[in-house]
Amino acid sequence: MAYRWKNDLTMSQVTPYGAYLNRRQLMAGIAGLGLAGLARPAAASADLEPNTWEEITTYNNFYEFGTNKGDPARYAGQMTTEPWSITIDGLVDRPGTYDFNDIMSEMTIEERIYRLRCVEAWSMVVPWNGFELADLLEMAGVQEEARYVAFETLLRPEEMPGTRQNVIDWPYVEGLRLDEALHPLTIMATGIYGKPMPNQNGAPIRLVVPWKYGFKSIKSVVRISLVRDEPPTSWNKYSAREYGFYSNVNPNVDHPRWSQATERRIGGGLLARREPTLMFNGYEDEVAALYEGMDLAKYH
Ligand SMILES: Nc1nc2c(c(=O)[nH]1)N[C@H]1C(S)=C(S)[C@@H](COP(=O)(O)O)O[C@H]1N2
Ligand SMILES: [Mo]
């Protein structure tokens, strides 16, 4: 597979030195210090100071439970997350329905402290726990003809009050180009601050693609399909002009209805100054090569 990204980034390049806890340290933290020891991993720069658990779990977008920021925390508790399985199908050698616990037993869980930039121009920093999507795709065996990866969220209207209204088409679907999916920054997240993923954040497992607008990071994933053609994605279907397939964070390409040049960091307080939005959300060194020669305004 020519698409497998050379795994030659060291973690100190991915997150600033000191911000990254490897799995052994994380596990030691849980066992030795108790969860209080994980409450705020030391970050090398104030820029990557994680938001609090409270902020991360009460200010959410998860439209399956309503469109207000507080709705997911209020209603997502109804979602049954056990048992949970992910169907991996399409252009793979080993298609099947994989139990979440079986997947977890095969994967190495790491902590990744990433910026999260919503297309609505607010942002957070989240200490995710998870594993590289590339490792899961390797388990399934990606075939040569595969060019894109399609993702689908659980659709269970009796547990998801938001899906009883036609805000967007359900189920929520997303997609990545295969090289984006195989990039080492792309993870399947299964926890935050060393705890299992809260329902409102996409339990038990969700995608996190830190250089793209938050809506690409699809929650509560039940299907991953390897496909030949660019798959439909929820917000692009809703308004292609406003939400492109790529949706890379880009301060120079405004949303038709607002500027993307700056962002409001959640938890900064009412008087906090807006911060400049960074190209590719600050991951330019790691991901710019994926888009070499592409017109980023056209392929927004
Ligand atoms: N299934 C699903 N996934 C989703 C969403 C959603 O409404 N449904 N919202 C997206 C948006 S717009 C953002 S900004 C992030 C928010 O993730 P968080 O609530 O964990 O911060 O989830 C994304 N994933
Ligand atoms: Mo978002």
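Residues numbered from 1 in each chain as written. Chains lettered and ligands numbered in written order. Predicted model: local features only at pLDDT ≥ 70, side-chain atom pairs only at ≥ 80, totals over all residues. Heavy atoms only, no water.

Focus: the site of ligand 1
Around ligand 1, 17 residues are found, and the nearest of them are Asn60, Tyr63, Glu64, Thr153 and Lys219. Measuring from a nitrogen atom of ligand 1, one finds a backbone N or O atom of Asn61 at 3.1 Å. Measuring from an oxygen atom of ligand 1, one finds a backbone N or O atom of Tyr63 at 2.7 Å. Calculation on ligand 1 without its partners gives an accessible area of 530 Å², and the protein chains cover 97% of this total. (Near = heavy atom within 4 Å. Polar contact = N/O pair within 3.5 Å; in protein donor to acceptor, adjacent residues only side chain to side chain. Areas by Shrake-Rupley, 256 points an atom, 1.4 Å probe, with all protein chains shown as cover.)

Some words on the nonpolar core
By size, the foremost hydrophobic cluster in this structure holds 76 residues, and its most contacted members are Leu137, Ile224 and Leu226. For Leu226, the residues in contact, after removing those within four places along its chain, are Asp89, Gly90, Leu91, Val92, Leu137, Val142, Ala146, Tyr148, Val149 and Leu178. (Core = buried A, V, L, I, M, F, W, Y, C linked by side-chain atoms within 4.5 Å. Buried < 20%, exposed > 50% of the residue type's maximum accessible area, 1.4 Å probe, protein only. Contact = heavy atoms within 4.5 Å.)

Description of the layout of surface pockets
Of the voids in this model, the largest pocket is the one considered here, and its volume is about 530 Å³. Asn61, Cys118, Tyr172, Gly214 and Phe215 are the residues nearest the centre of the largest pocket, which is lined by 30 residues in total. Only β4 (122-132) and α8 (234-238) provide two or more residues apiece to the lining of the largest pocket. Top contributing element to the lining of the largest pocket by residue count: β4, with four residues. Considering only residue class, the lining of the largest pocket consists of 19 nonpolar, six polar and five charged. (1 Å grid on protein atoms, 1.4 Å probe; cavity = no way out; pocket = protein on both sides within 12 Å on 5 of 7 lines; lining within 4 Å. Points joined across faces, edges and corners; volume = space filled by probe spheres on them. Helix = DSSP H or I, 4+ residues; strand = E, 2+ residues; numbered from the N terminus. Nonpolar A, V, L, I, M, F, W, Y, C, P; charged D, E, K, R; others polar.)

Observations concerning the sheet that holds strand β2 (residues 96-99)
The strand order across the open sheet formed by five strands is β2-β1-β10-β5-β6, and the pairing between neighbours is mixed. Edge strands, defined here as strands with exactly one partner in the open sheet, are β2 and β6 (173-177). Across the sheet, the mean angle from the axis of one strand to that of its neighbour is 20°, orientation sign disregarded. Here strand β1 (residues 85-90) runs beside β2; their pairing, made up of four bridges, is antiparallel. (Pairing = 2+ DSSP bridges. Axes fitted to C-alpha atoms, helices over the stretch in contact; angles between N-to-C directions.)

Quick look at the side chain of Arg112
Looking at the element boundaries, Arg112 is found in strand β3 (residues 110-117). Among the polar contacts made by the side chain of Arg112, one reaches the side chain of Glu110 at a distance of 2.8 Å. Here the side chain of Arg112 touches Pro184 through a polar contact of 2.9 Å, landing on its backbone oxygen.

Regarding the UniProt feature "binding site: Mo-molybdopterin" (unreviewed entry) in the protein chain
Sites flagged by UniProt as "binding site: Mo-molybdopterin" (unreviewed entry) map to Asn60, Tyr63, Glu64, Cys118, Thr153, Asn201, Arg206, Ser217, Ile218 and Lys219. As for the largest pocket, its lining draws on Asn60, Tyr63, Glu64, Cys118, Thr153, Asn201, Arg206, Ser217, Ile218 and Lys219 from among the annotated residues. With respect to the helices and strands, Cys118 occurs in the loop between β3 and β4. Excluding residues that lie within four positions of it along the chain, Cys118 makes contacts with Asn61, Tyr213 and Gly214. By secondary structure assignment, the location of Thr153 is in strand β5 (residues 148-153). Of the residues examined, Thr153 reaches a relative accessible area of 1% and is grouped as buried. (UniProt positions renumbered as here; feature names shortened; annotations may be inferred.)

So, the pairing of β6
For β6, the buried fraction is high: five of the five residues fall into the buried class. Residues Val173, Gly175 and Arg177 of β6 are buried on one face, and the alternating residues Glu174 and Leu176, pointing to the opposite face, are buried as well. Note: β5 against β6, five bridges, orientation antiparallel. Its bridge partner lying in β6, Val149 is registered against Leu176.

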